[in-house]
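Structural features, examined
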Amino acid sequence: FDRMGMRKGHDYSYLKEEKVLEVFGCQIIFRTTEDPDSVKGITAAAFFMDEAAMSPLEAFMNLQGTLRQPGYPHQGWLASTPKGRAHWLCKIFYPGKALYMPGEQRLRPDLPGARWVAMPARTRDNPFGGEALYQAMIATYGEDSPIARQELNGEFVLLEGLVYDNWNPEYHIVPVSKWPAVPKLWVAGVDFGFTNPATIIPYGLDHLKRR
């Protein structure tokens, strides 16, 4: 602020113990979401979450509850690298792409008057060295790999660390209540995964050899 010609104690002040910045009569409160309850009780006009994928859903929901300062168009802004289609960010901002476990409740807090806007951005679109960084990273990631699509293109790919991009929990995880019979034989295929994550696929076979 000093470089902008603003004077400490006159135009702005920072209360270090409370982690509160006051600028022209407005307060900016800094909090970590490691403890989601730390944001409760705040009355705010807006909030911003940086690297939101690293925060729990409870923190986001608590921040929504802080938007109660009268006289303002309440807004919440989030910036983050995607973390997979099963993450709460995808479930809220890209509900059509989200993956759910069988029986899991759908998540989209459609409040009256609420509007949800997603603005994806690619690394190479950054005018400040984005193309050079993109070219350097695809040499490591591979141009169309899931990790490149997530980290460089800002896409919600299947799940972080998964090898098989056709995995769908609603298809591949069958609740016990929907099994045709109690399995008589279990067979498991295992890949210990020295290069990629370890994978195990179990099958149950009943007396009619139904899988």
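Report on the accompanying structure.

Criteria and thresholds
- Residues numbered from 1 in each chain as written.
- Predicted model: local features only at pLDDT ≥ 70, side-chain atom pairs only at ≥ 80, totals over all residues.
- Heavy atoms only, no water.
- Helix = DSSP H or I, 4+ residues; strand = E, 2+ residues; numbered from the N terminus.
- Expected span 1.5 Å × (residues − 1).
- Buried < 20%, exposed > 50% of the residue type's maximum accessible area, 1.4 Å probe, protein only.
- Arc of directions from axis to C-beta.
- Pairing = 2+ DSSP bridges.
- Axes fitted to C-alpha atoms, helices over the stretch in contact; angles between N-to-C directions.

Here we look at helix α3 (residues 130-141)
Along its 12 residues, α3 runs 16 Å from first to last C-alpha, staying within 8% of the 16 Å computed at 1.5 Å per residue. Among the residues of α3, Gly130, Tyr134 and Ile138 are the ones counted as buried. One side of α3 carries all its buried residues, which in axial view fall inside an arc of 65 degrees. Those residues of α3 that are exposed and angled more than 90 degrees off the buried face are Ala132, Ala139 and Thr140. Immediately beyond the C-terminal end of α3, within one or two residues, lies Gly142, with a positive phi of roughly 90 degrees.

Notes on the sheet that holds strand β1 (residues 12-15)
What the three strands build is an open sheet, ordered β1-β2-β3; its pairing is antiparallel. Either end of the sheet is taken by a strand with one partner, and the two such strands are β1 and β3 (26-29). The sheet shows a mean angle of 15 degrees between the axes of neighbouring strands, taken without regard to direction. Both strand β2 (residues 20-23) and β3 contribute to a ladder of four bridges, which runs antiparallel. By the bridge assignment for β3, Glu22 is matched with Gln27.

A closer look at unusual backbone geometry
Despite not being glycine, Glu51 has its phi angle at roughly 50 degrees, a positive value. Mapped onto the elements, Glu51 comes out in the loop between β4 (46-50) and α1 (57-64). Since its relative accessible area comes to 35%, Glu51 is described here as partly exposed. The residue Lys209 is not glycine, and still its phi comes out positive at about 65 degrees. Tracing the sequence through the fold places Lys209 in the segment after β7 (199-205).

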